[in-house]
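# A structural walkthrough
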Amino acid sequence: ISNSITGEYSYGVSYQQVSVSDDGLYILSGNNTLAGSTFNPSGVFKIPDTTGTNTITAIGQSAFINCDDVGSVVIPSSVSSIGSLAFADCGKLGKAVFLGSPSVEWGAFLGAGWLPDGETLDSRPLLVCYTGSQPSISNSITGASSYGVSYQQVSVSGDGRFIFNGGALFGTTS
């Protein structure tokens, strides 16, 4: 792939080998980072903790950027880091559920829950549910509006249901 223009700047290209799991997920070879998928996730997108023989330990930069049909994402405890812009501009993404305590890079959820024309699906910010320590989600841009994020600590029952700390049923992982 050539990204240079005669007499102009040359733009860098990097290459990385990926494998495609049976469930259509791209895994970067050698480091178990989820890099994307062969499909556009929709509804509740439950990221598996393993795929084939790989334990997913990270979600890569821009892995699911612009996946407009994801309503919520469940991130397994095996994931220890989420790259910048991983779920950016996912217009319908209203809820992210963390079953562990990964580090989250800036802008991983930038624009989540906001439609392209700036209209929100509802008046609530992105709801971040967590079972461990509260993740830090930074979605603000200097000089621009900050996209709202609210947090709710939850617990998970043995059958996969999310329950508010107060005991009210909140939702499921599927």
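Summarised in this report is the structure supplied together with it. (Residues numbered from 1 in each chain as written. Predicted model: local features only at pLDDT ≥ 70, side-chain atom pairs only at ≥ 80, totals over all residues. Heavy atoms only, no water.)

## Concerning the overall build of the chain
What counts, and what does not: Comment: elements are numbered from the N terminus, with helices defined as DSSP H or I runs of at least four residues and strands as E runs of at least two. Throughout, exposure labels follow a simple rule: accessible area from a 1.4 Å probe, protein chains only, divided by the maximum for the residue type, with under 20% read as buried, over 50% as exposed, and the rest as partly exposed. Two residues qualify as a contact provided that any one of their heavy atoms is within 4.5 Å of a heavy atom in the partner residue.
From N to C terminus, the chain includes 0 helices and 15 strands. Of all 174 residues assigned to the chain, the portion counted as buried reaches 34%. For the chain, restricting intrachain contacts to residue pairs at least 6 apart in sequence, the fraction spanning at least 24 positions comes to 41%.

## Overview of the packing of aromatic side chains
This is how it is decided: Between 30 and 60 degrees the pair is tilted, below 30 it is stacked and above 60 it is edge-to-face, where a pair is any two Phe, Tyr or Trp rings, Trp via its six-membered ring, whose centres lie within 6.5 Å.
Throughout the structure, instances matching the rule amount to 5 aromatic pairs. Considering the side-chain rings of Phe64 and Phe87, the 5.5 Å spacing of their centres and the 15° angle between planes classify their relative orientation as stacked. Remark: Phe87 occurs in the loop between strand E9 (81-82) and strand E10 (95-98) and Phe64 occurs in the loop between strand E7 (58-59) and strand E8 (70-75); sequence separation between them is 23 residues. The same class applies to Phe64 as to Phe87, namely buried. For the ring pair Phe98 and Phe109, a centre distance of 6.1 Å and an interplane angle of 65° mean the geometry is edge-to-face. With Phe98 in strand E10 and Phe109 in the loop between strand E11 (103-104) and strand E12 (126-130), the pair connects residues that are 11 residues apart, well separated along the chain. Comparing Phe98 with Phe109 shows no difference in burial state: the two are buried. Members of the aromatic cluster, each reached through a chain of ring pairs, are Phe39, Phe45, Phe64, Phe87, Phe98 and Phe109.

## Quick look at the side chain of Ser72
By the secondary structure assignment, Ser72 is in strand E8. Residue Ser72 is classed as buried on the basis of its relative accessible area of 12%. With sequence-adjacent residues up to four places away left out, Ser72 is seen in contact with Gly43, Val44, Phe45, Leu93 and Lys95.

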